[in-house]
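Single-letter residue listing:
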Amino acid sequence: MDTFFYSVGSKIYQYDMDTKQVKMVKDYGSRKVSMLKTNRTMSRITATNEARYTSPRYAVIVGTYDEAFPDDSGTLDFLRIPGLMSPISTYYSFDGLGKVIDITYSETQ
């Protein structure tokens, strides 16, 4: 079960390498995609912090921006991928950023 994600214009696609199927998973409309990454974490969630600090154990991270306002229209979305070729949902979203071109994710305990 190998899959990869890629962007074309404002759309994010998932490609299943075994079945050679392509699925569009997110359309950002007029926003430009400036960054696309994946994240895998081995979170140590305890009962006391589970509801408040649940980590995106596996996420596709997408940076987008409005070309007309690149200095303060940047958005960073963590997309939850529940399974191969399954519907996705936004797990976390941060906005009001500049044009995001790279991030480093660090989880602290």
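Here the structure is shown first, and the text comes after it.
Residues numbered from 1 in each chain as written. Predicted model: local features only at pLDDT ≥ 70, side-chain atom pairs only at ≥ 80, totals over all residues. Heavy atoms only, no water.

Asks: Hey, could you run me through the sheet that holds strand β2 (residues 11-16) in this one?
Replies: Strand pairing in a sheet relies on backbone hydrogen bonds. The paired strands run either parallel or antiparallel. Read across the open sheet, the 3 strands follow the order β1-β2-β3; overall the sheet is antiparallel. Both edges of this open sheet fall to β1 (3-8) and β3 (21-27), since each of them pairs with a single strand only. Going from strand to strand, the sheet's axes swing by 25° on average, the running direction of each strand aside. Relative to β2, β1 is paired through 6 bridges, and the arrangement is antiparallel. Bridge pairing in β2 places Ser-7 opposite Ile-12. (Pairing = 2+ DSSP bridges. Helix = DSSP H or I, 4+ residues; strand = E, 2+ residues; numbered from the N terminus. Axes fitted to C-alpha atoms, helices over the stretch in contact; angles between N-to-C directions.)

Asks: Where do I start with the nonpolar core in this structure?
Replies: One recurring pattern in soluble globular proteins: nonpolar side chains tend to sit buried together. Ranked by size, the top nonpolar core spans 10 residues in total: Phe-5, Ile-12, Val-25, Tyr-28, Val-33, Val-60, Val-62, Leu-79, Ile-81 and Ile-88. Residues in contact with Val-62, not counting those within four places in the same chain, are Ile-12, Tyr-28, Val-33, Met-35, Leu-36, Thr-75, Leu-76, Asp-77 and Leu-79. Ranked by size, the runner-up nonpolar core spans 8 residues in total, among them Met-35, Ile-61, Val-100 and Ile-103. (Core = buried A, V, L, I, M, F, W, Y, C linked by side-chain atoms within 4.5 Å. Buried < 20%, exposed > 50% of the residue type's maximum accessible area, 1.4 Å probe, protein only. Contact = heavy atoms within 4.5 Å.)

Asks: In this structure, what is going on with the environment of Leu-79? I would like to understand it.
Replies: Along the polypeptide, Leu-79 turns up in strand β6 (residues 74-80). With residues near it in sequence (within four places) discarded, Leu-79 still touches Tyr-28, Tyr-58, Ala-59, Val-60, Val-62, Ile-88, Ser-89 and Thr-90.

Asks: Would you take a moment to explain the pattern of salt bridges for this structure?
Replies: A full pass over the atoms with the stated rule returns 3 salt bridges. Lys-11 is the salt-bridge partner of Asp-27, the closest N and O atoms lying 3.9 Å from each other. Of this pair, Asp-27 sits in strand β3 while Lys-11 sits in strand β2, placing them 16 residues apart in sequence. Across the pair Glu-67 and Lys-32 runs a salt bridge whose closest N-O atoms are separated by 3.9 Å. On the criterion of sequence distance, the pair formed by Glu-67 in the loop between β5 (58-65) and β6 and Lys-32 in strand β4 (residues 32-40) is long-range, its members being 35 residues apart. For Glu-67, a relative accessible area of 51% gives the class exposed. (Salt bridge = Lys/Arg side-chain N within 4 Å of Asp/Glu carboxyl O.)

Asks: Quick question: what am I supposed to make of the side chain of Ser-73 here?
Replies: Its place among the elements puts Ser-73 in the loop between β5 and β6. Note on Ser-73: relative accessible area 12%, which makes it buried. Reaching out from Ser-73, the side chain makes a polar contact with the backbone nitrogen of Asp-66 at a distance of 2.9 Å. In this view, Ser-73 contacts Arg-31, Thr-64, Tyr-65, Asp-66 and Leu-97; residues no more than four positions away in its chain are not counted. (Polar contact = N/O pair within 3.5 Å; in protein donor to acceptor, adjacent residues only side chain to side chain.)

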